Every structure is written in C-alpha cells, then in structure tokens.
Amino acid sequence: MNKLVFEIDTISDQALQVMQAIMARETEAKEIMEDGSGPLELASALSDFFEIAATIESGQAMLESDDLTEFGAYGLDLLDRLAFLVRKLEIMDHRDHISRIFASLAVWLVRREAILDNLEGAADGFGMLVNGLVEPQDLSEMCQVMEEVIAATSDELQMDQDQSNPWRPWRVINLNHGIAATRSLDPVLMEKTFEKLSRRLPHDMPGFFADGKRQMIGQNVPDEVQAVMNRYADKWSNSLPH
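Residues numbered from 1 in each chain as written. Predicted model: local features only at pLDDT ≥ 70, side-chain atom pairs only at ≥ 80, totals over all residues. Heavy atoms only, no water.

**Structural notes on the overall build of the protein chain**
Okay, so step 1: Across its full length, the protein chain holds twelve helices and zero strands.
Okay, so step 2: In the protein chain, the order of α-helices and β-strands from amino to carboxyl end is α-α-α-α-α-α-α-α-α-α-α-α.
Okay, so step 3: For the protein chain, the C-alpha radius of gyration of 19 Å lies close to 18 Å, the compact-globule estimate for 242 residues.
Okay, so step 4: Counting the 242 residues in the protein chain, one finds 46% classified as buried.
Okay, so step 5: Sequence-distant contacts in the protein chain: of pairs separated by 6 or more residues, those separated by 24 or more amount to 73%.
Okay, so step 6: Total accessible area on the protein chain stands at roughly 12700 Å², and carbon and sulfur atoms take up 49% of it.
Okay, so step 7: Of note, the protein chain has its 21 positive side-chain charges centred 7 Å away from the centre of its 42 negative side-chain charges. (Helix = DSSP H or I, 4+ residues; strand = E, 2+ residues; numbered from the N terminus. Rg over C-alpha atoms; globule rule 2.2 N^0.38 Å. Buried < 20%, exposed > 50% of the residue type's maximum accessible area, 1.4 Å probe, protein only. Contact = heavy atoms within 4.5 Å. Areas by Shrake-Rupley, 256 points an atom, 1.4 Å probe, with all protein chains shown as cover. Lys, Arg positive; Asp, Glu negative; His and termini not counted. Charge placed at Lys NZ, Arg CZ, Asp CG, Glu CD.)

So, in structure tokens, the structure goes:
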C-alpha cells in the first residue's frame, strides 16, 4: 500500500474506490457538503478530470505548461474535497488510498511539467507513505520522487515567506524528504538531500540534525551514515540563519 503508481488509469481506479465508499453514505456526505452540491457531482467532476488526464497521458491531447498547471490545480482541488469527505465520514480504511492518490497525481503532473501551487494533500500523503516504509531501497526511491515534486513547486511556496504555521505543506514535505533520506542509509543521497534541505528550511536545521544525531546513538547504522549526520549536526549546532 505504500508504493506510488504512475499510470493515470491506476490513480483513477484508486480514486473511484474511495468515491464508491463515500457514495455508500451519500446522505451523510451531502449534509457535510454545505455548498449544496453532492458526492455525485464530485464523482462526475473527478471522472471528467481523469478522462482528460488519460488523453494527455496517451498523447491524444496536449497542454502547454501553464494550462497543465491550471488543470493540475483543479484536479488537486477535487482531491482535497474527496479527502475532506473521507475525514468527515471517518472512512479510515481509505486513508492510505488518499495518501497514495495525492502523491501519485503530484508526480504524474510534475513529470508533465506542471507547477504545483497546492502541496497540502501531497505533503501529507508523502509523509504517511514515508512513515509506512521500512526498506532502505524503498525509502531511497521515495526520497528521489519527492525531490521531483518539491523542485516543481511554485516560486511563492519555495520562498516560504510566512513561517507562522509549523504544519505548512512546504515544511512538512521537506522535513519528510530529509527523514526519507536519513532512513535510506545512503550517505550520498543524504548529503544531496541535506544540502537542499539546508537551503529550503534553514531555520529548522539545528533541530532537525540534532534530533537525527540523537536518534542514531546506539543504533546499528553504517559508520559513513553516522559520519554524514554528525557532520551536519556539528555544522548547525551553533549556526543560525542570518
């Protein structure tokens, strides 16, 4: 359940499964949707979105980057509404599906040169997926995919000007990116990721690396992995961003 999927038909099928669970509780869902629409309208909009996405994937339709960015924003907004209903209806057995759908669609979009301005669902989704992974190779692959998404976010998000919310998506996805790199036990990947993380979230680095160093104490990790973490922890221990 923690692997991403990259084909739009598979992403669509997973969204359909979630939508069916919501439709089974249509009356409750309609009461939750205060705008007067209903889950059937959301289901129709999602179906239309994935139908268009399938034509893009197959090459039958072409969108310029700006148009694809707008199209992607619309799709992610639909998924936000889907996830909202899952939370409100407490359909807990589909939370993993939602995580994977968000992350998978984000990757699908950025691989077609869309720019992401809505990271909330993808950030939370990647966080849950990273937490569910155990094998270093899986974590390494997830880390590299996360970098694709992070690198394709909008300039406004990357500027990270409003840092008042510790749960802001830019911070969440980047910290989980760093966690995935650390748990991959790949010193080269750790080095690359930590350098990017240091530029993206400088205010969080002293705590992040101090915590990473502390958690490695007494654990059976390779010396070269420990060395990378120790070096960054020492670098940031008395260093605050100017």
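**Quick look at helix H11 (residues 205–216)**
Okay, so step 1: Helix length check: H11 (twelve residues) gives 16 Å between terminal C-alpha atoms against 16 Å at 1.5 Å per residue, within 8%.
Okay, so step 2: Three or more residues of H11 are buried, namely Met205, Pro206, Phe208, Phe209, Gly212 and Met216.
Okay, so step 3: Each element contacted by the buried residues of H11 is listed here: helix H9 (169–184), helix H10 (187–200) and helix H12 (223–237).
Okay, so step 4: One or two residues past the end of H11 sits Gly218, with phi positive at roughly 85°. (Expected span 1.5 Å × (residues − 1).)

**Comments concerning the side chain of Thr153**
Okay, so step 1: Its place among the elements puts Thr153 in the loop between helix H7 (136–151) and helix H8 (155–159).
Okay, so step 2: Beyond its immediate sequence surroundings of up to four residues, Thr153 is in contact with Ile115, Leu116, Leu119, Gln158 and Trp170.

**A look at the nonpolar core**
Okay, so step 1: Membership of the largest hydrophobic core comes to 78 residues, with the highest contact counts inside it found for Ile22, Leu82, Phe126, Val149 and Phe209.
Okay, so step 2: The contact partners of Ile22, leaving out residues within four places of it in the chain, are Ala29, Pro39, Leu82, Leu85, Val86, Leu89 and Ile91. (Core = buried A, V, L, I, M, F, W, Y, C linked by side-chain atoms within 4.5 Å.)

**A look at the packing of aromatic side chains**
Okay, so step 1: All chains considered together, the criterion is met by eight aromatic pairs.
Okay, so step 2: Centre to centre, the rings of Phe49 and Phe71 are 4.4 Å apart; their planes meet at 20°, and the pair counts as stacked. With a gap of 22 residues between them, Phe49 in helix H3 (residues 39–58) and Phe71 in helix H4 (residues 65–89) connect regions that are remote in the sequence. Neither Phe49 nor Phe71 differs from the other in exposure class; each is buried. (Phe/Tyr/Trp six-rings, centres within 6.5 Å; stacked < 30°, edge-to-face > 60°.)

**A few points about the environment of Gly207**
Okay, so step 1: Topologically, Gly207 is positioned in helix H11.
Okay, so step 2: Among the residues examined, Gly207 registers a relative accessible area of 47% and is labelled partly exposed.
Okay, so step 3: Gly207 sits 172 residues away from Asp35 along the chain, and the two C-alpha atoms are 42 Å apart.

**Regarding the pattern of salt bridges**
Okay, so step 1: Per the stated rule, a full pass over the model turns up ten salt bridges.
Okay, so step 2: Ionic pairing is found between Arg25 and Glu28, a salt bridge with its closest N-O pair at 3.0 Å.
Okay, so step 3: Of the charged contacts, one joins Arg214 and Asp211 as a salt bridge, the two residues approaching to 2.9 Å between their closest N and O atoms. Of this pair, Arg214 and Asp211 both sit in helix H11, three residues apart, which is roughly one turn of the helix.
Okay, so step 4: Classification of Asp211 as partly exposed rests on a relative accessible area of 30%.
Okay, so step 5: Among the ionic contacts, a cluster of salt bridges with common partners joins Glu147, Lys196 and Arg200. (Salt bridge = Lys/Arg side-chain N within 4 Å of Asp/Glu carboxyl O.)

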